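Summary of the model geometry
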Amino acid sequence: SQQGEEDPQALSIQEGENATMNCSYKTSINNLQWYRQNSGRGLVHLILIRSNEREKHSGRLRVTLDTSKKSSSLLITASRAADTASYFCATDQTSGSRLTFGEGTQLTVNP
Amino acid sequence: NAGVMQNPRHLVRRRGQEARLRCSPMKGHSHVYWYRQLPEEGLKFMVYLQKENIIDESGMPKERFSAEFPKEGPSILRIQQVVRGDSAAYFCASSPTFGETQYFGPGTRLLVL
């Protein structure tokens, strides 16, 4: 398995519900970033959390990081149909500046 | 402040031709990264450049692929003698310094016939 694995692979919820996506990784990291990608489009940066941080908020987004478990979660509260997209976590390892992406979680929010 | 710009957005090539993909980083960003995304997959790192220097090309195939980031002008990812397996979306990202947020361009979708 590879660095930066998200689960679930696909998630379908109703508008207004919360969506939680998880990411696990294997090596030490400098930071972890979450991105969103609409079908056929580029990536939009959502949030960056550094290895010495445990939790960050941005609007309806809440990201946690547990370096002891090498895992992170992205929570989207009060989801909207417009949140439908693929969500990727990407780790920036301490040995370099490249980002290592997972395969993504496909989130579908039904109106 | 314009974001990362990539062109062309779509590129069609026949097998054996050359593909040139361009990336202009955000203003003030001197670090550029290229990633490739195959259908239904995550992005895979290819190469990391600073002005006039290749810092890390460990993700780039040894043959047919090359990248540059000249002192003036955009970064170029060049694929020679393209094959069908090169069909993918190629994304460029830039950051102001090492280890900071990488901002992505809209990508170039390459189709090799």
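Residues numbered from 1 in each chain as written. Chains lettered and ligands numbered in written order. Predicted model: local features only at pLDDT ≥ 70, side-chain atom pairs only at ≥ 80, totals over all residues. Heavy atoms only, no water.

Some words on the state of the cysteines
Per the stated rule, a full pass over the model turns up two disulfides over all chains. A sulfur-sulfur separation of 2.0 Å characterises the disulfide bridge that pairs C23(A) with C89(A). An S-S torsion of about 65° defines the bridge between C23(A) and C89(A) as right-handed. In this pair, C23(A) sits in strand 3 (residues 19–24) while C89(A) sits in strand 9 (residues 85–93), placing the two residues 66 residues apart along the sequence. The same class applies to C23(A) as to C89(A), namely buried. Across the disulfide from C23(B) sits C92(B); the S-S distance is 1.7 Å. Taking the sign of the S-S torsion, about -50° here, the bridge from C23(B) to C92(B) comes out left-handed. In this pair, C23(B) sits in strand 3 (residues 19–24) while C92(B) sits in strand 9 (residues 88–95), placing the two residues 69 residues apart along the sequence. Across the pair, C92(B) and C23(B) agree in class, each one buried. (Disulfide = S-S within 2.5 Å. Helix = DSSP H or I, 4+ residues; strand = E, 2+ residues; numbered from the N terminus. Buried < 20%, exposed > 50% of the residue type's maximum accessible area, 1.4 Å probe, protein only.)

Some points on the interface of chain A and chain B
Taken together, the 22 residues of chain A in the interface contact 23 residues of chain B. Buried area between chain A and chain B, both sides added, is near 1600 Å², and the carbon and sulfur share of it is 47%. Joining chain A to chain B, the criterion identifies three salt bridges. K44(B) is the partner of E103(A) in a salt bridge, and the nearest nitrogen-oxygen pair spans 3.4 Å. Linking chain A to chain B there are nine residue pairs in polar contact (both at pLDDT 80 or more). Those elements giving two or more residues to the side of chain A that touches chain B turn out to be strand 4 (29–37), strand 5 (43–50), strand 9 and strand 10 (99–101) of chain A. Looking at which element gives the most residues to the side of chain A that touches chain B, the answer is strand 4 of chain A, with five residues. Within the side of chain A that touches chain B, the residues separate by chemical class into six nonpolar, eleven polar and five charged. (Contact = heavy atoms within 4.5 Å. Buried area = accessible area lost by both parts, 1.4 Å probe. Salt bridge = Lys/Arg side-chain N within 4 Å of Asp/Glu carboxyl O. Polar contact = N/O pair within 3.5 Å; in protein donor to acceptor, adjacent residues only side chain to side chain. Nonpolar A, V, L, I, M, F, W, Y, C, P; charged D, E, K, R; others polar.)

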